[in-house]
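Coordinates in review
Spelled out, the chains give:
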Amino acid sequence: MSNKQPPEPIEPINGLLAAVQMIAEPGQVEDNLAKIEGALAGLPPAERRLVITPEMGTSGYFFGGRQQVWELSEPVPDGPICQRLIGLAHQYNCFLVAGLPEREGHKLYNCVVLCGPDGYITRYRKLHLWSEEKLLYDPGDLGMVIAQTPLGKIGLIICYDLWFPEQPRILRLMGADIIAMPAALVWNDTPAHVKRGYYLADYTAMVTAGTNQVYLAMASQVGRFGEHWLFGSSILASPYGWPLSDGPADDENPAVLCAEVDFSLGRRIRGWGKLDNFDQDRRTDVYGKYLGYTGLEEKIS
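Read on for a plain summary of the structure. Within every chain, residues take consecutive numbers counted from 1 along the sequence as written. The model is predicted, so local features are restricted to residues of pLDDT at least 70 and side-chain atom pairs to those at 80 or more, both for listing and for counting; the totals for chains, interfaces and linings are taken over all residues. Side-chain descriptors were evaluated using all non-hydrogen atoms of the structure, hydrogens and water having been removed beforehand.

1. Overview of the pattern of salt bridges
Any Lys or Arg side-chain nitrogen found within 4 Å of a carboxyl oxygen on Asp or Glu counts as a salt bridge. Taken as a whole and judged by the stated rule, the model has 15 salt bridges. For Glu102, the salt bridge goes to Arg123, with nearest N and O atoms at 2.5 Å. With Glu102 in strand S3 (residues 95–104) and Arg123 in strand S5 (residues 119–125), this residue pair connects regions lying 21 residues apart in the sequence. Residue Arg172 is joined to Asp279 by a salt bridge in which the shortest nitrogen-to-oxygen separation is 2.7 Å. Linking Arg172 in helix H5 (residues 166–173) with Asp279 in the loop between helix H7 (265–268) and helix H8 (284–291), this pair joins segments that are 107 residues apart in sequence. Each of Glu102, Glu104, Arg123, Arg125 and Asp141 takes part in a single network of salt bridges with overlapping partners. Numbering of helices and strands runs from the N terminus; a helix is a DSSP stretch of H or I covering at least four residues, while a strand is a stretch of E covering at least two.

Dropping the structure here:
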């Protein structure tokens, strides 16, 4: 007779998931923070709320050089922008993910912070710098960042990170229930950016959510800045991979996507059939040695 006990039931964690798509004017920090506050003020009520805002949504995304970024950057969490974000999360009783340029010593980072009703929680520095970002920022040095919250475990990535599937997969193995993804998706005339129902970024987000059984909330900047176009395509994807709400009707206008969710859903759908389980069926005995994943669970448990 087996003494093995059945697993404890996973209780629902119901709440609201939101992504703010907005125009963030470069250098106009107060105006950009006012837009974020306006989005928070207009959210539907819920006991638990997680709100994702865009990459560099407080400072703007486009800069003429590193000196311009330096002038807007600040230490985290003690700088004025971060302190304002902490105050907004408290005032509107939500968990808030927001992007800002971080300064530490002589280094600059493309950073996002996670704040909650009780204050600052953590920060993440972008690992994969895209194109000219390499001229503005230093590579992220905090590794994978995940935070335990009353909503579940929140993993943080930024924009270009999504195109490196190892990162969301490792966050999932670390226990992520939600992956929060601030973004500033730049049109650059590649076939990947042609809209066929959705942009490729949306399909990539949906596939990442579905293959990892996590919520993925992508909040992107939008707007035209000279020759540059930030095309939005914000999305909320469920642990099944499908969108939770319709995308913005006009990619050039700000919008707030909202969905009522059970943040613990992904933990209950680790298999689709009677005998399958996405965790137990991983063949790390074969591919672990190639990817360095073997033993990862023990390292991060």
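2. Topic: the packing of helix H1 (residues 29–41) against helix H3 (residues 80–91)
A pair of packed helices can be characterised by two numbers: the angle between their axes and the separation between those axes. Packing of H1 against H3 brings their axes to within 11 Å, and their N-to-C directions diverge by 15°. Classified by the interaxial angle, the pair formed by H1 and H3 is roughly parallel. H3 is crossed by H1, and the crossing has right-handed handedness. Between H1, through Val29, Glu30, Leu33, Ile36, Glu37 and Leu40, and H3, the contact on the second element is made entirely by Ile81, Arg84, Leu85, Leu88 and Gln91. Charged means Asp, Glu, Lys or Arg here, nonpolar means Ala, Val, Leu, Ile, Met, Phe, Trp, Tyr, Cys or Pro, and polar covers whatever is left, Gly included. When the residues that make up the contact of H1 with H3 are grouped by side-chain class, the tally is 7 nonpolar, 1 polar and 3 charged. Angles run from 0 to 180 degrees between N-to-C directions of axes, and those axes are lines fitted to C-alpha atoms, restricted for helices to the stretch in contact. Angles below 35 degrees are treated as roughly parallel, those above 145 as roughly antiparallel, those between 65 and 115 as roughly perpendicular, and all remaining angles as oblique. Crossing chirality is assigned from the near helix's rotation relative to the far helix, an anticlockwise turn below a right angle marking it left-handed and a clockwise turn marking it right-handed. Throughout, a residue-residue contact means that at least one pair of heavy atoms, one from each residue, lies within 4.5 Å.

3. Looking at the environment of Trp272
Looking at the element boundaries, Trp272 is found in the loop between H7 and H8. Sequence separation between Trp272 and Tyr124 is 148 residues; the distance between their C-alpha atoms is 33 Å.

4. Quick look at unusual backbone geometry
The phi torsion of most residues other than glycine is negative, and most of the peptide bonds are trans. Of note, the bond from Val76 into Pro77 is cis; its omega dihedral lies within 30 degrees of zero at 10°. Examined against the element boundaries, Pro77 turns out to sit in the loop between helix H2 (66–72) and H3. We note that Met56 has phi near 50°; this positive angle belongs to a residue other than glycine. Take Met56: it is sitting in the loop between strand S2 (49–52) and H2. With a phi angle near 50°, Ser131 is a residue other than glycine that sits in the positive phi range. Position of Ser131 among the secondary structure elements: in the loop between S5 and helix H4 (133–136).

5. A look at the packing of H5 against helix H6 (residues 200–212)
Running from N to C, H5 and H6 point in directions that differ by 30°, and their axes come no closer than 10 Å. Between H5 and H6, the crossing angle belongs to the class labelled roughly parallel. Note that H5 runs across H6; the crossing there is right-handed. Where H5 abuts H6, its residues Pro168, Arg169 and Arg172 lie against Thr208, Thr211 and Asn212.

6. Observations regarding the sheet that holds strand S7 (residues 152–156)
Here a strand pair is declared whenever DSSP counts at least two bridges between the two strands. Strand order in the open sheet made by the 5 strands is S6-S7-S8-S9-S12, with mixed pairing throughout. A strand with exactly one partner marks an edge of an open sheet, and here the two such strands are strand S6 (146–149) and strand S12 (235–237). The average angle at which neighbouring strand axes cross in this sheet is 20°, direction not considered. Inspection of the sheet shows S7 paired to strand S8 (residues 178–183) by 3 bridges, in the parallel sense. Within the sheet, the bridge partner assigned to Gly155 lies in S8 and is Ile179.

7. Observations concerning a nonpolar patch on the surface
Residues enter patches when their relative accessible area tops 30% and they take part in no salt bridge; the joining distance is 9 Å for like charges and 5 Å for the nonpolar side chains Val, Leu, Ile, Met, Phe, Trp and Tyr. Here the Shrake-Rupley method, with its probe set to 1.4 Å, supplies the accessible areas, and only the displayed protein chains count as covering residues. Residues Val286, Tyr287, Tyr290 and Leu291 make up a contiguous nonpolar surface patch of roughly 410 Å² in combined accessible area. The exposure class assigned to Leu291 is partly exposed, which follows from its relative accessible area of 47%. To sort residues, take the accessible area from a 1.4 Å probe on protein chains only and compare it with the maximum for the residue type: under 20% means buried, over 50% means exposed, and anything in between is partly exposed.

8. Things to note about the sheet that holds strand S1 (residues 14–21)
Within the open sheet, the 6 strands sit side by side as S5-S4-S3-S2-S1-S13. Their pairing is mixed. Edge positions in the sheet fall to S5 and strand S13 (255–262), since each of these pairs with one other strand and no more. The mean angle between the axes of side-by-side strands here comes to 30°, regardless of whether they run parallel or antiparallel. The sheet strands contacting H3 are S3, strand S4 (107–116) and S5, and the helix crosses S4 at an angle near 15°.

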